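An overview of the molecular structure
If you want the building blocks of each chain, they are given just below.
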Amino acid sequence: MSKHFVYLDHAAATPLDPYVFDVMKPYLKEVCGNPSSFHTVGKQAKDAIEVSRETMARLLSARPDEILFTSGGTESDNLAILGSARANKEHGRHLITTAIEHHAVLEACTYLQKKEGFELTILPVNTFGLVDPDQVAQALRPDTIFVSVMMANNEIGTIQPIAEIGNIIRKFRGSNAFPLFHTDACQTVGTFDLNIERLHVDLLTLNGSKMYGPKGIGALYMRRGIKLQPLQFGGAQERGIRPGTEHVAGIVGLAKAFELVQQDREKENERLVRLRDMLIRGILEHIPKTRLNGDPKKRLPNNVNISFLDIEGEALILYLDAKGIYVSTGSACASASLDPSHVILALGVPYEVAHGSVRFTLGHSTTEKDIEYVLDVLPHLVEKLRVMSPVHVEEKYFT
Amino acid sequence: MNYQQLPQSGKTGDVSSKDGTKSWFYSDIVKDHFFHPRNFMHEDGDTSIYNAIGKVGSPACGDELRVWMKVDPKTECILDFRWQTFGCGSAIASTSMCSVMVTENDGMTLEEARAMKPQDIMERLGGLPARKFHCSVLCDKALRDAINDFYRRIGKPEKIIKEASRMIDPISKVTDHDIEEAVLEGAQTLETVQAKTKVGIGNPGVLPAVEELIRFYREKYFG
């Protein structure tokens, strides 16, 4: 084992904030009641949920009854898409999404297309991973009931013009109720002001594990008046849309984590952008045949995604792992499906670029020393693998 | 009992140790070959001293292997075996282990090398994750390609074993080789092979032959 511990996979999961853990503890131990129970201990649990709901609502500039607690990002995305498409199919059967969405969005949409008779438009992105708002406008049809565009991409960090797209959709529908606009904001909870009114979204997904909160908890903002068909049945919790005994400690932790990341947002963004750019510059300048994936400017403060040409990403992450550096790859070899990242391929680059892509995502614990250490060991590891490789990709793919 | 201790499952990785207490995605032998690869061809290596070369894969599909072999023309023993691999940890470790196996104990004869199977490489590596099995198949194929190249160069075409592919479904243009690849990538049933290859979709007459091949390759590689 390496004596170093440089965790650069915050887009996958963030460590739990100790303060969040502290506020969760009573709800894991003393407050044992079921929030639906009609006694003091039950009411304590119920109160904790409602206070958390108010906190969430305040941070989103929404109303408490517009916040639904779920088990995480995947469930929120699924519920938003399957729930609203099924509940509103008499108003139209056309859905729009983009090629770089999380699988929780893409697979829910393709399921509706294949199994339930919906039509699906998947919008392309440009070479930086940006969705063109004009293309959204052109794809809108009178029978479009749902549009889903993620706020920022989890792999390449590209930030989408959500407010602009929301405005286009709002103008298009005029006095009609459809199409609804959904965004998956999981990667941006600690980055942006998520004021719902300014974003012009109708549904918004967020989760705990990307904002130093607990895993297995998430929320869905749904604008008042929207109808969703539940995915599960058997209780009146969360207004019957998401029945099942609530994860009380998780909910309390989610709200506290959201509050904390929003408080320090601006200062932390500034710090991360500096470290991010230091890492990007260091790699591009000192390691030949490297390519930055995603937009250089419209980019999450903590995301660095680089393709190391002529080598394969899984091999590199294992070499980094041995040095105590923990990162992710878009390579096929690291995925159970043996398919390379759909996000990197959507940028219009050859498969080789996707196979050699590595994602570093920074977080609260990341220091300048960590970045210096990565920049110190990385060139040697890349060189070691390149010496073993027979592949020499043409220059046009990395300049 | 110490309740504070973190539970560790030997089954969380794809490969687990014999006592089931430790797991990693790769065995210790795989890691050793991956971090300390044997016999690879240096960039400035002199390739002219080798009398057979083999190649398989392409960077687009995620793996590319090249091998250089020095064979004694009289005894047909493998004197030296060098390689370069673009691929994941198991692709690198498989080629490294293959190079050790064909050259140890004064080297295998080409006949012995041809009798070697991907499973033999995998066994020596202490196992590979199931979804990485195709990596050991790739280096076996590169080795066979090099053996054919040797016979081609010395003018013994009758000793070349062509792994010709046979068209199974002329409509979807799927060959037996495509079905072999699909099985190696984990497809075990007609439905999963069809999902990968589209074989027999709109041409159900070929399905019995396809099912026969799936059974054949499953037994060959996983039996």
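Residues numbered from 1 in each chain as written. Chains lettered and ligands numbered in written order. Predicted model: local features only at pLDDT ≥ 70, side-chain atom pairs only at ≥ 80, totals over all residues. Heavy atoms only, no water.

By the naming in an unreviewed UniProt entry, chain B goes by Nitrogen-fixing NifU domain protein and is assigned to Candidatus Uhrbacteria bacterium GW2011_GWC2_41_11.

Chain A is annotated in an unreviewed UniProt entry as Cysteine desulfurase of Candidatus Uhrbacteria bacterium GW2011_GWC2_41_11. Its UniProt record, at the heading Catalytic activity (unreviewed entry), says of chain A: "(sulfur carrier)-H + L-cysteine = (sulfur carrier)-SH + L-alanine". For chain A, the Sequence similarities (unreviewed entry) comment in UniProt is given as "Belongs to the class-V pyridoxal-phosphate-dependent aminotransferase family. NifS/IscS subfamily." (UniProt positions renumbered as here; feature names shortened; annotations may be inferred.)

Below, the discussion takes up the interface of chain A and chain B. It is common to report an interface's size as the accessible area lost on association of the parts. Between chain A and chain B, the contact holds 25 residues from the first and 28 residues from the second. Where chain A touches chain B, the interface holds 0 salt bridges. At the boundary of chain A with chain B, the tally comes to 6 residue pairs in polar contact (both at pLDDT 80 or more). Counting only elements with at least two residues in the side of chain A that touches chain B, the list comes to α10 (313-322), α12 (351-355) and α13 (368-388) of chain A. The greatest single-element share of the side of chain A that touches chain B, amounting to 6 residues, is contributed by α10 of chain A. The class makeup of the residues in the side of chain A that touches chain B is 15 nonpolar, 4 polar and 6 charged. (Contact = heavy atoms within 4.5 Å. Salt bridge = Lys/Arg side-chain N within 4 Å of Asp/Glu carboxyl O. Polar contact = N/O pair within 3.5 Å; in protein donor to acceptor, adjacent residues only side chain to side chain. Helix = DSSP H or I, 4+ residues; strand = E, 2+ residues; numbered from the N terminus. Nonpolar A, V, L, I, M, F, W, Y, C, P; charged D, E, K, R; others polar.)

Right, let's get into the sheet that holds strand β9 (residues 290-292) of chain A. All names here are of chain A. A sheet is described by the order of its strands in space; here 4 strands give the open sequence β9-β10-β13-β12, paired in antiparallel fashion. Unpaired on one side and paired on the other, β9 and β12 (328-329) mark the two borders of the sheet. The pairing of β9 with strand β10 (residues 303-308) spans 3 bridges and is classified as antiparallel. What sits directly across from Leu292, in β10, is Ile306. Contacting β9, β10 and β13 (357-361), helix α9 (residues 265-286) runs over the sheet at an angle of about 10° to β10. Sheet contacts for α10: β10, β12 and β13; angle to β13, the most-contacted strand, approximately 40°. (Pairing = 2+ DSSP bridges. Axes fitted to C-alpha atoms, helices over the stretch in contact; angles between N-to-C directions.)

In this section: helix α5 (residues 133-153) of chain B. Along its 21 residues, α5 of chain B runs 31 Å from first to last C-alpha, staying within 8% of the 30 Å computed at 1.5 Å per residue. Gly155 of chain B, located one to two residues past α5 of chain B, shows a positive phi value of around 75°. (Expected span 1.5 Å × (residues − 1).)

To continue, consider the domain arrangement of chain B. Residue and element names in this part refer to chain B. Segmentation of chain B into domains returns domain 1 (16-159) and domain 2 (167-222). Centre-to-centre, using C-alpha coordinates, domain 1 lies 27 Å away from domain 2. Listed per partner, the contact involves 6 residues of domain 1 and 7 residues of domain 2. The tally of links between domain 1 and domain 2 comes to 1 salt bridge. Put simply, Glu181 and Lys141 hold a salt bridge, and the shortest N to O gap is 3.2 Å. Summed over the shared surface of domain 1 and domain 2, the result is 1 residue pair in polar contact (both at pLDDT 80 or more). The set of elements that each furnish at least two residues to the side of domain 1 that touches domain 2 consists of α4 (118-124) and α5. (Domains from an automatic or database assignment.)

The next thing to look at is the side chain of Thr175 of chain B. All names here are of chain B. Take Thr175: it is sitting in strand β7 (residues 174-175). Under the relative-accessibility criterion, Thr175 is labelled buried at 13%. Leaving out residues up to four positions away in the same chain, Thr175 has contacts with Ser165, Arg166, Met167 and Ile168. (Buried < 20%, exposed > 50% of the residue type's maximum accessible area, 1.4 Å probe, protein only.)

A few words on the sheet that holds strand β2 (residues 67-70) of chain A. Residues and elements named next belong to chain A. Strand order in the open sheet made by the 7 strands is β2-β8-β7-β6-β5-β3-β4, with mixed pairing throughout. Pairing within the sheet leaves two strands with one partner each, and these edge strands are β2 and β4 (119-123). The average undirected angle you get between the axes of adjacent strands in this sheet is 20°. Relative to β4, strand β3 (residues 94-98) runs parallel, the two being bridged by 5 bridges. Looking at β4, one finds that Thr98 is bridged to Leu123. Here helix α3 (residues 73-87) sits on the sheet in contact with β2, β3, β5 (144-148), β6 (180-184), β7 (203-207) and β8 (218-222), set at roughly 160° to β7. Its contacts with the sheet put helix α4 (residues 103-115) on β3, β4, β5 and β6, and the angle it makes with β3 is roughly 150°.

Attention shifts here to the state of the cysteines. For the coordinates displayed, the defined rule picks out 0 disulfides over all chains. In this structure Cys186 of chain A is not part of a disulfide, and its nearest cysteine sulfur, from Cys109 of chain A, lies 15 Å away. For Cys77 of chain B, which is in no disulfide, the shortest distance to another cysteine sulfur is to Cys98 of chain B and amounts to 16 Å. (Disulfide = S-S within 2.5 Å.)

Residue and element names in this part refer to chain A. Under the domain assignment, chain A is made up of domain 1 (6-14 + 265-397) and domain 2 (31-263). Distance between the C-alpha centres of domain 1 and domain 2: 29 Å. With 26 residues of domain 1 in contact, the opposing surface of domain 2 contributes 35 residues. Contact between domain 1 and domain 2 buries roughly 2500 Å² in total, counting both sides, with carbon and sulfur atoms accounting for 53%. Counting across the interface, domain 1 meets domain 2 through 0 salt bridges. Put simply, domain 1 and domain 2 have 20 residue pairs in polar contact (both at pLDDT 80 or more) between them. Mapped onto the side of domain 1 that touches domain 2, the elements with two or more residues apiece are α9, β10 and α11 (342-346). Of all the elements, α11 adds the most residues to the side of domain 1 that touches domain 2, at 4 residues. A class-by-class count of the residues in the side of domain 1 that touches domain 2 yields 10 nonpolar, 11 polar and 5 charged. (Buried area = accessible area lost by both parts, 1.4 Å probe.)

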